[in-house]
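If you want the building blocks of each chain, they are given just below.
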Amino acid sequence: MSKSLFDNFDEVSAKQWKQKIQFDLKGADYNEALIHKSLEGIDIKPFYHQEDKSEISIPLFNSSSSYWKNSLKIEVADPIIGDQKVLEALKKGAESIHFVITNQNVEPAQLLKNIPIDIPVYIETQFLSIAYVQEINAIAQNKKLIIYVLTDIIGNLGRTGNWYSNLKNDHLAFDEIVKCKNLASTISIDLDLYQNSGATMIQQLGYSLAHANEYLNHCNESNSSILKETPIVFKVAVGGNYFFEIAKLKALRVLWNTLAKAYDINPQCHVIAYPTHRNKTFLDYNVNMLRTTTECMSAILGEANTIQNLPYDTIYNLENEFGTRIAINQLLILKKESYFDLVTNPTSGAYYIESITEQMAEKALSLFKNIETGGGFLKQLKSGVIQKKIKESSEKEQELFDNEEIVLTGVNTYQNKNETTPNFEKPVFEKKNVRKTLISPIITRRLPYKKETETVQN
């Protein structure tokens, strides 16, 4: 039916469109006037045509975007309190739970006792323990729970500058953890770290692919069959560049599909996506709700499996009932009222998104190959090359923000002259924790940091 609507119209080529635009420009240079180059080095054109789409295949993880589930992150230091928070979260509409466990005294049996079998659980520990994961593995088997244990020893090295123990012991523990076959997944890759430290999207994708390749090389030597069916998990922080973030998530699947086929393992990956901290602020803090909403929309349209929202007041407030409720409700509105769960492959045919997806994938693959030629991700992380490249990108982005070329409403433009600084329930300006590290850690920092400092001092 849709084809017949256009039967009476002649096809217009990209060349014809460009000629018409050049005529209307009345002598102005087309490239200078209308082509914008993004931080990722991708040229953004004034229009996109079917001719812009190449032959790169963009794999779908599922035929419908209705697959995505919302999730709530809960930090747990006490299993009884953690269990109570789970029950409250489920009443508020949470469809999955992400635990961050701070210590080994948190008993998994107590924490997981009220989890329904249809609620996926993500478990991230701030320590590395074979016995702890094996206990979780036994619970998953006995209770038939869907549990992902997010193990990322290289991500911990990048974030803290140290292994949990040392290279050898961490990898030995990793080998034992990935043998836990009752878990939905045991390996995760932390793109969050790269995004929140100021890496470009190309760097985020290229580094995460090289990061994952370190695990694939290791498993290929010690546990070659582990990843045949078990999907790897990518934790992705989503920024405010709406269409580019959609493309980033889609490009991630293209890249993983390519790498997985080279190892003959599961070409599907599991993506947990959530808003970035990098553009969040206590200045005009209610605007954070608008930022997190559009970032969650990018995550949904980019077809993440699990969407985890960020409370609008997370920068300065401790976890609280109101912030948590708003965060979950934003996702429920997108699913239940805005019908973001009903559209099949929502960005298919959007030539702009498909074009930048392909360009991102190509550029990130090129970066990945350069890293591998240079000895691999771990070698470049140890030598400081990765940190140096990210710092350069971060400083460039910070300069654009300071010059108001990157806009955060209420922060560097349209400031509230009567701004009232909220009470800080937790440190906003983190003090440098000087400690001995094996390598230089990758430093995360929010873009509004300088503006916030000036506001508080004034």
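Our subject in this report is the structure included herewith. (Residues numbered from 1 in each chain as written. Predicted model: local features only at pLDDT ≥ 70, side-chain atom pairs only at ≥ 80, totals over all residues. Heavy atoms only, no water.)

1. Considering the pattern of salt bridges
Enumeration over the complete set of coordinates arrives at 15 salt bridges. Measuring nitrogen to oxygen at the nearest pair gives 4.0 Å for the salt bridge that ties Arg159 to Asp192. Here Asp192 lies in helix α8 (residues 191-196) and Arg159 lies in helix α6 (residues 153-160), a separation of 33 residues in the sequence. A salt bridge links Glu176 to Lys179; the nearest nitrogen and oxygen atoms lie 3.3 Å apart. Take Lys179: its relative accessible area is 40%, and that puts it in the partly exposed class. Among the ionic contacts, a cluster of salt bridges with common partners joins Arg159, Asp190 and Asp192. (Salt bridge = Lys/Arg side-chain N within 4 Å of Asp/Glu carboxyl O. Helix = DSSP H or I, 4+ residues; strand = E, 2+ residues; numbered from the N terminus. Buried < 20%, exposed > 50% of the residue type's maximum accessible area, 1.4 Å probe, protein only.)

2. Notes on the environment of Glu75
Relative to the helices and strands, Glu75 resides in strand β3 (residues 69-76). With 278 residues separating them along the chain, Glu75 and Ile353 place their C-alpha atoms 36 Å apart. Discounting chain neighbours no more than four positions away, the residues touching Glu75 are Lys85, Val100, Thr102 and Glu319. (Contact = heavy atoms within 4.5 Å.)

3. Digging into the sheet that holds strand β8 (residues 232-238)
If you trace the 8 strands once around the closed barrel, you get β3-β4-β5-β6-β7-β8-β9-β10, paired in parallel fashion. Pairs of neighbouring strands in the sheet enclose a mean axial angle of 30 degrees, with direction left out of account. Here strand β5 (residues 121-125) runs beside strand β6 (residues 147-151); their pairing, made up of 3 bridges, is parallel. Across the sheet, residue Tyr122 finds its bridge partner in β6, namely Tyr148. Packed onto the sheet, helix α5 (residues 130-143) meets β4 (97-101), β5 and β6 and runs at close to 165 degrees relative to β6. Docked against the sheet, helix α12 (residues 321-337) engages β3 and β10 (306-308), running at close to 165 degrees with respect to β3. (Pairing = 2+ DSSP bridges. Axes fitted to C-alpha atoms, helices over the stretch in contact; angles between N-to-C directions.)

4. As for the environment of Lys73
In this fold, Lys73 is placed in strand β3. With a relative accessible area of 38%, Lys73 lands in the partly exposed category. Linking Lys73 and Thr324, residues 251 residues apart in sequence, is a C-alpha distance of 9.5 Å. Beyond its immediate sequence surroundings of up to four residues, Lys73 is in contact with His98, Val100 and Gln308.

5. What about the side chain of Thr292?
Among the structural elements, Thr292 can be located in helix α11 (residues 287-301). Within the local environment of Thr292, its side chain forms a polar contact with the backbone oxygen of Met289, the two atoms lying 3.1 Å apart. If near-sequence neighbours (up to four positions away) are discounted, Thr292 is found in contact with Pro275, Lys280, Asn309, Leu310 and Gln330. (Polar contact = N/O pair within 3.5 Å; in protein donor to acceptor, adjacent residues only side chain to side chain.)

6. Section: the nonpolar core
Counting residues in hydrophobic clusters, the biggest one holds 72 residues, and the most contacted among them are Phe234, Trp256, Met360 and Phe377. Here this core takes 12 residues from helix α10 (residues 242-263), the largest share from any one element. Those residues in contact with Met360 that lie beyond four places of it in its chain are Ile42, Met201, Ile202, Leu205, Phe244, Ala247, Lys248 and Ala251. Within the second largest apolar cluster, 30 residues are counted, among which are Phe99, Phe127, Val133 and Ile177. (Core = buried A, V, L, I, M, F, W, Y, C linked by side-chain atoms within 4.5 Å.)

7. Here we look at the side chain of Asn412
Among the structural elements, Asn412 can be located in the loop between α15 (385-402) and α16 (449-457). Taking relative accessible area as the criterion, Asn412 reaches 1% and is therefore assigned buried. Within the local environment of Asn412, its side chain forms a polar contact with the backbone oxygen of Phe401, the two atoms lying 3.0 Å apart. Reaching out from Asn412, the side chain makes a polar contact with the backbone nitrogen of Leu408 at a distance of 2.8 Å.

8. Observations regarding the packing of α10 against helix α13 (residues 351-373)
Running from amino to carboxyl end, α10 crosses α13 at an angle of 50 degrees, the nearest separation of the two axes being 8 Å. With respect to α13, the element α10 is oriented oblique. Here the hand of the crossing between α10 and α13 comes out right-handed. Here α10 contributes Phe243, Phe244, Ile246, Ala247, Lys248, Lys250, Ala251, Val254, Leu255 and Leu259 to the contact with α13, which in turn contributes Tyr352, Ile353, Ile356, Thr357, Met360, Ala361, Ala364, Leu365 and Phe368. Tallied by class, residues from the contact of α10 with α13 come to 16 nonpolar, 1 polar and 2 charged. (Parallel < 35°, antiparallel > 145°, perpendicular 65-115°, else oblique. Left-handed = near helix turned anticlockwise from the far one by under 90°. Nonpolar A, V, L, I, M, F, W, Y, C, P; charged D, E, K, R; others polar.)

9. A few points about the packing of α10 against α11
α11 packs onto α10 with a crossing angle of 35 degrees between their chain directions and a minimal axis gap of 8 Å. In the packing of α10 onto α11, the handedness of the crossing is right-handed. Here α10 contributes Tyr242, Glu245, Ile246 and Leu249 to the contact with α11, which in turn contributes Thr294, Met297, Ser298, Ala299 and Leu301. Looking at the contact of α10 with α11, its residues break down into 6 nonpolar, 2 polar and 1 charged.

10. As for α12
In this model, α12 (17 residues) spans 22 Å end to end at C-alpha, consistent with the 24 Å of a helix rising 1.5 Å per residue. Along α12, the residues that are buried comprise Gly323, Thr324, Ile326, Ala327, Ile328, Gln330, Leu331, Leu332, Leu334 and Lys335. Immediately beyond the C-terminal end of α12, within one or two residues, lies Tyr339, with a positive phi of roughly 60 degrees. (Expected span 1.5 Å × (residues − 1).)

11. Re the packing of aromatic side chains
Inspection of the entire model under this criterion finds 17 aromatic pairs. With a centroid separation of 6.3 Å and 50 degrees between ring planes, the pair formed by Tyr207 and Phe377 is classed as tilted. Placement of Tyr207 in helix α9 (residues 201-222) and of Phe377 in helix α14 (residues 377-383) is noted, with a sequence separation of 170 residues between them. Residue classification places Phe377 among the buried residues on the basis of a relative accessible area of 1%. Taken together, a centroid distance of 5.7 Å and an interplanar angle of 70 degrees make the contact between Phe234 and Trp256 edge-to-face. Pair noted here: Phe234 is in strand β8 and Trp256 is in helix α10, with a separation of 22 residues, a long-range link. When sorted by exposure, Phe234 lands in the same class as Trp256, which is buried. Put simply, the rings of Tyr48, Tyr242, Phe243 and Tyr352 touch in pairs and so form one group of aromatic residues. Over the ring of Tyr274 we find Lys73, and its NZ or CZ is 5.6 Å from the ring centre. (Phe/Tyr/Trp six-rings, centres within 6.5 Å; stacked < 30°, edge-to-face > 60°. Lys NZ or Arg CZ within 6 Å of the ring centre and 35° of its normal.)

So, to be careful, I would describe these as geometric facts and stop short of saying anything about function.
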